[in-house]
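Analysis of the macromolecular model
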Amino acid sequence: MTRVAAIDCGTNSIRLLVADATVGEDGRPCLADLTRQMRIVRLGQGVDARGYLDPAAIERTVEATVEYQRMIEKLGATRTRFVATSATRDASNSAEFVRQIRAVIGVEPEVVVGTQEASLSFSGAVGGLGEGVSAPMLVVDIGGGSTELVLGSTSVKQAVSIDMGAVRVTEKFFAHVDPAGGVPKAEQERAIAWIDEQLDGAEKAVDLARVRSLVGVAGTVTTLTAQALGLTSYQPERIHGARLSADRIEEAVRFMVDQPVSVKASLGFMPEGREDVIAAGALIWSRIVMRVLERARDAGHPIDEVVTSEHDILDGIAMAMIDQA
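For the structure given in this document, a descriptive report is provided here. (Residues numbered from 1 in each chain as written. Predicted model: local features only at pLDDT ≥ 70, side-chain atom pairs only at ≥ 80, totals over all residues. Heavy atoms only, no water.)

1. Overview of the overall build of the protein
Each helix and strand counted, the protein has 13 helices and eleven strands in total. For the protein, whose C-alpha radius of gyration is 19 Å, the value lies close to the compact-globule estimate of 20 Å for 325 residues. Viewed in the frame of its principal axes, the protein has a C-alpha envelope of about 50 × 45 × 40 Å. Buried residues in the protein amount to 54% of all 325 residues. (Helix = DSSP H or I, 4+ residues; strand = E, 2+ residues; numbered from the N terminus. Rg over C-alpha atoms; globule rule 2.2 N^0.38 Å. Buried < 20%, exposed > 50% of the residue type's maximum accessible area, 1.4 Å probe, protein only.)

2. Some details on the sheet that holds strand S1 (residues 2-9)
Strand order in the open sheet made by the five strands is S3-S2-S1-S4-S5, with mixed pairing throughout. The sheet terminates laterally at strand S3 (29-40) and strand S5 (110-111), the two strands that pair on one side only. Strand direction decides the pairing type here: S1 and strand S2 (residues 13-23), joined by eight bridges, are antiparallel. Bridged to Ala-5 within S2 is Val-18. Contacting S1, S2, S3 and strand S4 (79-84), helix H2 (residues 55-75) crosses the sheet at an angle of about 25° to S2. (Pairing = 2+ DSSP bridges. Contact = heavy atoms within 4.5 Å. Axes fitted to C-alpha atoms, helices over the stretch in contact; angles between N-to-C directions.)

3. Structural notes on the nonpolar core
Grouped together as the largest cluster of nonpolar side chains are 52 residues, with contacts concentrated most on Leu-138, Leu-149, Leu-214 and Trp-285. Per-element tally for this core: the top contributor is helix H12 (residues 278-298), with twelve residues. What Leu-138 contacts, discounting residues up to four positions off in sequence, is Leu-149, Val-150, Leu-151, Val-206, Leu-208, Val-211, Ser-213, Leu-214, Val-215 and Val-292. Counting residues in hydrophobic clusters, the runner-up holds 25 residues, among them Leu-43, Val-62, Ala-64 and Tyr-68. (Core = buried A, V, L, I, M, F, W, Y, C linked by side-chain atoms within 4.5 Å.)

4. A few points about the sheet that holds strand S6 (residues 137-142)
Sheets are built from strands paired through backbone hydrogen bonds, the pairs being either parallel or antiparallel. In space, the six strands of this open sheet follow the order S8-S7-S6-S9-S11-S10, with mixed pairing throughout. What marks the edges here is a single partner per strand, and that holds for strand S8 (156-162) and strand S10 (243-244). Strand direction decides the pairing type here: S10 and strand S11 (residues 306-309), joined by two bridges, are antiparallel. Residue Arg-243 lies in a different strand from S11, and its bridge partner there is Val-307.

5. Considerations on helix H4 (residues 94-105)
The terminal C-alpha atoms of H4, which comprises twelve residues, lie 16 Å apart, in line with the 16 Å expected from a rise of 1.5 Å per residue. Among the residues making up H4, those that are buried are Ser-94, Phe-97, Val-98, Ile-101 and Ile-105. End-on view of H4: buried residues confined to an arc of 100°, all on one side of the axis. Seen from the open side of H4, the exposed residues pointing more than 90 degrees away from its buried face are Ala-95 and Ala-103. Among the residues trailing H4, Gly-106 stands out with phi positive, at a value near 75°. (Expected span 1.5 Å × (residues − 1). Arc of directions from axis to C-beta.)

6. Here's the deal with the pattern of salt bridges
Here the idea is simple: oppositely charged side chains can pair when their charged atoms come close. Counted under the stated rule, the structure contains 17 salt bridges. The residue Arg-3 makes a salt bridge to Asp-20 at a minimum N-O spacing of 2.7 Å. Of this pair, Arg-3 sits in strand S1 while Asp-20 sits in strand S2, and the two are 17 residues apart along the sequence. The class of Arg-3 is partly exposed, set by a relative accessible area of 26%. Asp-196 is the salt-bridge partner of Arg-287, the closest N and O atoms lying 2.8 Å from each other. Within this pair, whereas Arg-287 is found in helix H12, its partner Asp-196 is found in helix H7 (residues 185-202), the two being separated by 91 residues in sequence. Summarising the burial analysis for this pair, Arg-287 and Asp-196 share the class buried. Within the structure, one salt-bridge network assembled from shared partners comprises Asp-200, Glu-203, Arg-291, Glu-294 and Arg-295. (Salt bridge = Lys/Arg side-chain N within 4 Å of Asp/Glu carboxyl O.)

This is how it looks when you write it as structure tokens:
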């Protein structure tokens, strides 16, 4: 058994998993969670327009990392891996950010490319789903700065990372939207047209007609699932493995797009810092669900329900440390 600490540093949030890692009888990595933490630090705020990480955003992220390092030391993890994704790999000053993080955690942070991010997301999601999901599966990880589409069964067959995430779409299309109201139809239509263009390109890399199961992971999807299930607090045990029809997903999407930010912020399951970007993330998920289900139907194997997984890139990072041991 190895006690590992995995840190996923994205565009919107930084998350920690400390777990006891073993190899099961089937040869697959197994994780027993000790703690899961998330802080929304908005590291990638404005990076799409400026091209560099804002010093205040770096400071917020470093402060969260200091807090995580204390937890890692207290729990006695012997291996740590810090993975940074979209915002960091797009920033001109990523080396300075990496230097500050290295000084805190004592290991070299990894700024992974989109294909690595996709592979880690897939292994993390699939590892926690069990046997009840038909393959090939499409795992979709909607982050703040990028979205990964990963097709596979026990391993990745096709994957693509798109520079399209909840923060990026918010800053690109909704920056001047009045938070006291929902997103106006004109802004929605512009965002949807752009999202669809990105998905057109993604389909050149991933054959959506092959998908037998659609699995959504990460904060946008889990938050929408909480809304669709009618939860009043965040309950991961109910969210993980939830199966939703396209109609129920779309109802949750419409709520997140049409309601004022203050209403979304008051939801018991909404993490502070996600309420102002969830509308953009919801539109991304809506367009992906619609497209995948249409392709599956046209291919003669309709998908009736979409699966949500609580396990994602964070679990993939932790499991990879077992493989490397």
